[in-house]
Amino acid sequence: MKSFTKTILRMFKENKGRFIANFLIVFLSVAITAGFAFLVPLYEHSYLENYQNNHTADIILKDKTTNGFSRYDIEKVKEDDNVYDATTFMCADCEYEDSERGTQIYRFYIMDLKSKLNELKLESGKFPDKEYDLSKEVDVVTEVGNANLNSYDIGDKIVVDDSLLRFIQQDTMTLNVVGVVNNPLYNCVQKENATVLDKKTGEVKEDTYINAIIYLDRELFPETMDYYGTPYPVENFLLQTDMYISYKEKSSYFSSAYENEMNQKKAELLETFGGEDKIAVLTLEENISYSLFKNYNSKVRSLSFIFPFFFILVCALVNLITITRLIKEERPMIATYVSLGVSKGKIVLKYFLFTLISTLFGSVLGMALGSPILPGVVLPAYGAVFQMHPLDFKIQSPYAYIVAVLVVLTALIVTILSSTSYLKETPAALMKEKSPKPGKKIFLQRITFLWKRLPFRFKSSFRNIFRQKKNLILTSLSIIGSTLLVLIGFSLFDVSFALQEDVLFGNVASSMGVISLVIILFAIAMAIVVIYSLANMNIADRQRELATLKVLGYHDRECSFYTFREIMFISLLAVIIGIPVSTLIITFVLQYLDFGTIGDVKWYSYLGTFLIITFTTLFVNLLLFPKIKAVNMNDSLKIID
Amino acid sequence: MATLIKANNIVKKFVTGTHEVHAVDGMSFEIEKGELTVIVGPSGAGKTTLLNLLGGMDNLSDGNLFVDDVDISKFNKRELTDYRRNEVGFVFQFYNLMPNLTALENVELSTELKRDSLDPLEVLTSVGLKERVDNFPSQLSGGEQQRVSIARAIAKNPKLILCDEPTGALDYVTGKEVLSLLAKAAHEEHKTVIIVTHNLALTQMSDHLIRVKNGKIYEDVRNPHPKDIKDIEW
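Reading the values: rules and limits
- Residues numbered from 1 in each chain as written.
- Chains lettered and ligands numbered in written order.
- Predicted model: local features only at pLDDT ≥ 70, side-chain atom pairs only at ≥ 80, totals over all residues.
- Helix = DSSP H or I, 4+ residues; strand = E, 2+ residues; numbered from the N terminus.
- Buried ≥ 20, exposed ≤ 12 C-beta atoms within 10 Å, placed from the backbone.
- Rg over C-alpha atoms; globule rule 2.2 N^0.38 Å.
- Contact = placed C-beta atoms within 7 Å.
- Pairing = 2+ DSSP bridges.
- Axes fitted to C-alpha atoms, helices over the stretch in contact; angles between N-to-C directions.
- Nonpolar A, V, L, I, M, F, W, Y, C, P; charged D, E, K, R; others polar.
- pLDDT = per-residue confidence, 0-100.
- Domains from an automatic or database assignment.
- Expected span 1.5 Å × (residues − 1).
- Bend = angle between axes of the 7 residues up to and from the residue.
- Core = buried A, V, L, I, M, F, W, Y, C linked by C-beta atoms within 7 Å.
- Parallel < 35°, antiparallel > 145°, perpendicular 65-115°, else oblique.
- Left-handed = near helix turned anticlockwise from the far one by under 90°.

Section: the overall build of chain B
Within chain B one finds six helices and 10 strands. A principal-axis box enclosing the C-alpha atoms of chain B has dimensions of 50 × 40 × 40 Å. Expressed as a percentage of the 234 residues in chain B, the buried residues total 50%.

As for the overall build of chain A
What chain A contains, in helices and strands, is 17 helices and 12 strands. The C-alpha atoms of chain A give a radius of gyration of 34 Å, which is well past the 26 Å a tight globule of 641 residues would have. Projected onto the principal axes, the alpha-carbon positions of chain A cover approximately 115 × 55 × 45 Å. In chain A, 81% of the contacts between residues at least 6 apart in sequence involve partners at least 24 apart.

Section: the sheet that holds strand 5 (residues 70-71) of chain B
All names here are of chain B. Read from one edge to the other, the open sheet built from four strands follows the order 2-1-4-5, with strand pairing classed as antiparallel. Both edges of this open sheet fall to strand 2 (19-32) and strand 5, since each of them pairs with a single strand only. Seen against the sheet, helix 1 (residues 47-54) touches strand 1 (3-16), strand 2 and strand 4 (62-67) and runs at an angle of roughly 60° to strand 2.

Quick look at the interface of chain A and chain B
Of the residues lining the interface, 19 residues belong to chain A; the matching set on chain B comes to 24 residues. Broken down by class, the residue content of the side of chain A that touches chain B amounts to eight nonpolar, seven polar and four charged.

Considering the confidence of the model for chain B
Low pLDDT means the predicted coordinates in that region are not meant to be read closely. When pLDDT is averaged along chain B, the result is 86; 100% of the residues meet or exceed 70. Across the predicted assembly, pTM comes out at 0.77 and ipTM at 0.89.

Here's the deal with the domain arrangement of chain A
According to the domain assignment, chain A consists of domain 1 (1-51 + 296-434), domain 2 (59-249) and domain 3 (468-641). The centre of domain 2 of chain A, based on its C-alpha atoms, is set 57 Å off from the matching centre of domain 3 of chain A.

Considerations on the sheet that holds strand 9 (residues 208-213) of chain B
Residue and element names in this part refer to chain B. What the six strands build is an open sheet, ordered 6-7-8-3-9-10; its pairing is mixed. Pairing within the sheet leaves two strands with one partner each, and these edge strands are strand 6 (88-91) and strand 10 (216-222). Recorded for the sheet is a direction-independent mean angle of 15° between the axes of neighbouring strands. Both strand 7 (residues 160-164) and strand 8 (residues 192-197) contribute to a ladder of five bridges, which runs parallel. When the sheet's bridge partners are listed, D164 is paired in strand 8 with V196. Those strands touched by helix 5 (residues 142-155) are strand 6 and strand 7, and its axis lies near 175° from that of strand 6.

As for helix 5 of chain B
All names here are of chain B. In a regular helix each residue adds 1.5 Å, so 14 residues correspond to 20 Å; helix 5 covers 20 Å between its end C-alpha atoms and thus fits that length. Among the 14 residues of helix 5, 12 are classified as buried, and the element is accordingly described as predominantly covered. Listed in full, the buried residues belonging to helix 5 are E144, Q145, Q146, R147, V148, S149, I150, A151, R152, A153, I154 and A155. Of the surrounding secondary structure, the elements contacted by the buried residues of helix 5 are strand 6, helix 3 (103-111), helix 4 (120-126), strand 7 and helix 6 (172-187). One or two positions beyond helix 5, positive phi appears at N157, with a value near 55°.

Here's the deal with helix 2 (residues 16-48) of chain A
Residues and elements named next belong to chain A. Relative to the 48 Å expected for 33 residues at 1.5 Å per residue, helix 2 spans 46 Å between its end C-alpha atoms, a close match to the ideal helical length. The sharpest bend along helix 2 reaches about 30° and sits at L39, with the proline P41 one to four residues further on. Summarising burial for helix 2: 26 of the 33 residues are buried, a large majority.

Description of the pairing of strand 6 (residues 157-161) of chain A
Residue and element names in this part refer to chain A. Burial of the side chains of strand 6 is restricted to one face: I158 and V160 are buried, whereas none of K157, V159 and D161 on the reverse face is. Note: strand 6 against strand 7 (residues 172-182), five bridges, orientation antiparallel. For V159, the partnering residue across the bridge sits in strand 7 and is T174.

Structural notes on the nonpolar core
Grouped together as the largest cluster of nonpolar side chains are 210 residues, with contacts concentrated most on I25, Y215, V407 and M526 of chain A together with A151, L182 and I194 of chain B. Here the element with the most residues in this core is helix 2 of chain A; it accounts for 20 residues. Once residues within four sequence positions are removed from consideration, Y215 of chain A is found in contact with Y109, M111, L113, L120, V140, V141 and V181 of chain A. Within the second largest apolar cluster, six residues are counted, among which are I323, I327, Y351 and Y422 of chain A.

Some thoughts on unusual backbone geometry
Residues and elements named next belong to chain B. Even without being glycine, N9 reaches a positive phi, approximately 50°. Looking at the secondary structure, you find N9 in strand 1. The backbone of Y95 shows a phi angle near 65°, a positive value even though the residue is not glycine. Tracing the backbone through its elements, the reader meets Y95 in the loop between strand 6 and helix 3. Residue class for Y95 comes out buried when judged on the 23 C-beta atoms lying within 10 Å of it.

Section: the pairing of strand 3 (residues 36-40) of chain B
Residue and element names in this part refer to chain B. Across the five residues that make up strand 3, a large majority, five, are buried. Summarising the sheet, strand 3 and strand 9 pair through four bridges and their orientation is parallel. From the neighbouring strand, V40 faces strand 9, where its bridge partner is R211.

Quick notes on the environment of E286 of chain A
If you trace the backbone, E286 of chain A turns up in the loop between strand 12 (279-283) and helix 5 (288-329). Spatially, the C-alpha atom of E286 of chain A lies 9.3 Å from that of I59 of chain A, the residues being 227 residues apart in sequence.

A closer look at the confidence of the model for chain A
Overall, the predicted model of chain A reaches an average pLDDT of 85, with 92% of residues at or above 70. Across chain A, the element-wise mean pLDDT spans from 67 in helix 9 (residues 427-431) of chain A up to 95 in strand 11 (residues 242-247) of chain A.

Here's the deal with the packing of helix 5 of chain A against helix 8 (residues 398-422) of chain A
Residues and elements named next belong to chain A. Running from N to C, helix 5 and helix 8 point in directions that differ by 30°, and their axes come no closer than 9 Å. When the axes of helix 5 and helix 8 are compared, the pair comes out roughly parallel. Handedness of the helix 5/helix 8 crossing: right-handed. Contact residues: P308, F311, I312, C315, A316, N319, L320, I323, T324 and I327 in helix 5; V403, L406, V407, T410, A411, V414, T415, S418, S419 and Y422 in helix 8. By residue class, the composition of the contact of helix 5 with helix 8 is 14 nonpolar, six polar and no charged.

Concerning the packing of helix 5 of chain B against helix 6 of chain B
All names here are of chain B. Interaxial distance between helix 5 and helix 6 falls to 9 Å at its minimum, and their mutual angle equals 15°. The angle between helix 5 and helix 6 falls in the class roughly parallel. In the crossing of helix 5 with helix 6, the sense of the turn from one axis to the other is right-handed. Residues G142, G143, Q146, R147, I150 and I154 of helix 5 form the contact with helix 6, whose own contacting residues are T174, E177, V178, L181, L182 and A185. Here the contact of helix 5 with helix 6 is built from residues that sort into six nonpolar, four polar and two charged.

Examining the environment of P372 of chain A
Of note, P372 of chain A is situated in helix 7 (residues 344-383). In sequence terms P372 of chain A and T322 of chain A are 50 residues apart; their C-alpha atoms lie 30 Å from each other.

What follows is the structure, given as structure tokens:
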């Protein structure tokens, strides 16, 4: 069956455009879904670096009495065999007037800086190593600076009064920055709420944030300190306000098992220490950096679960259009083969191969490019908010592979179904060219007063549009899909923007803007491919009509209006239907994501969506103009159909 | 009678790869206004190429072609489109009507391009389709479709009506009806009609007969007594 193999090869050669459209749509779909599917585990893995090998505190105890924690309290905690270690330290927020920076709130940690529990990572400089002489400068390290924390260089001096270190018998003390560290509990730029008292009222001030985090080494204080002439052990001055606890056996971070385990420990600790009046127990779930990332990543994960449904649908739609058209054009050849006794299976195989190769290429390439590139592109946006580490691309997302396979499978099923249904006709029926769909009165004509007033050219366009209902439905669905995607992009952007003003979300939401931009760009690319293949098909269907128009003396521009008017009209119709439909869907999507509301979406986002789809259609029309110009009058007019 | 068309040694070459084919290989002739000209010849003689040149559907490779003293051989694509739009009406073997337009609208499609065109309804009435104006092509017989196509050509009020095998897809009786319409257009309405065909019987109805073979004219005669189409048998 050599000649049959030849027809298969020729099919690929003669349908490059369709092959590319099929390939591109699958490529784009898989690239974006795989990209998002990979993003979640990749970022999680990268972010979890912050909690590796430093015995991050799983729980912080905060003393609510004024007694502080004692060694005895540590022993009590360690009675739990699962405790890796527990350590106490002093933590206090103090307000200062800085000559340059204005009112500043510093959070001081006085702790064992070399502790392996919740180990501080030295980013630059060194840890303090000289015993403190409080009458002179005191060496400190500071937490790494970011958008909301002051950044200090080694050698910087910070002058503070004695409101914290009341034991210092002098008005001011100079802190000398010798190093910059990173505490595993501070991993994002989110503002840290401060606890400072209003000096007049004695109440806790609201809406105050930490400007800097400064660490002093408890081990470097002298053993005794003078208080009005009398020496006292230094422990008397350094109230142990907090306790870090880290556990040995625990489930992986971000899992609900871990959350449950920690809540269990929390209850136990409350019990041990006499209830909420005596102590506050904070789990990692209550840590801003941890919970924000968890919340954020879960939103992107939810998003990555919504996308595929939609993309699989669009791919199937475009493939259906392509294959139906391909079979229609090859009808005489199919008839010949059927009459020569070639099995139907073999003919179906031909189109099966077309779909398989185009979608498989698209899927594999989309997977290969989308999964590293998309997370790479979005990483700076995450990095602006969270402390991220280089991505480890060995991390896999089985879900992405499932989607990639599903896209190909759905397209193949569509191909098999549409080609077998076509082959149900007898060879004799196949031999006859399918006559073009006859013109018909359309509904609009019944509204006589309107129809009469319609310019002539529009009558023909309207009839064409409603003559081919299948075409109309497929085209509209594809464009409604693109509208939805563009509007989702805009909505995420608007919601991000609205939430940015929310104290709770702050900077975090702004990086959602980058994700929304990626979605908008993909949506436009998809809209171009979809509208292009539809418009292209429209032109292919109209070769003969276009040739007739040309012969009658219609200029190329007028001929192109003949087809473009239809596409523009369908596009307008679809976008007009698409916007309310998308609004409804997005309302549910936002609800599902628990991320803002539809009310946050600005009016100009709807307008923008409308304009993008309209201009994409116009752009595609321009792209296709050469094809209209190329319609050959002589070739097309000789053919009977 | 005045001359409408003057062809001066016109040539049309097609180059396919290294091959050069002279489909029209130096033809010269004149066609008077209001004449019914029949161009006959076997397949591949260059009739259709000649018709395409006369209709402004193709450029000449060489020679001059005057239509009403204007040399269309020098026309660019745009000018040729305007020429087709204003001066030429076409009738094709397979009618080439727009399937989504009614008979009337198909005629309007061509008349809306030109200011001094005739009333579409009147022209359709004159070809005997008054009752069928609101029908779509698929609802019409072959002969009726061809009559719509003739009405479309006439209604534009062109200088020239070109017909490519107008009866090729029709049965004997219907073919005759169509031909008598074309003869009427020439003899009663003084249109210049050119029919290209391989049916030699049609030569008898012509005022002017041009026989072509291998891209050349080998007979160019005028017939002072054309037969009525009703009296021609084939």
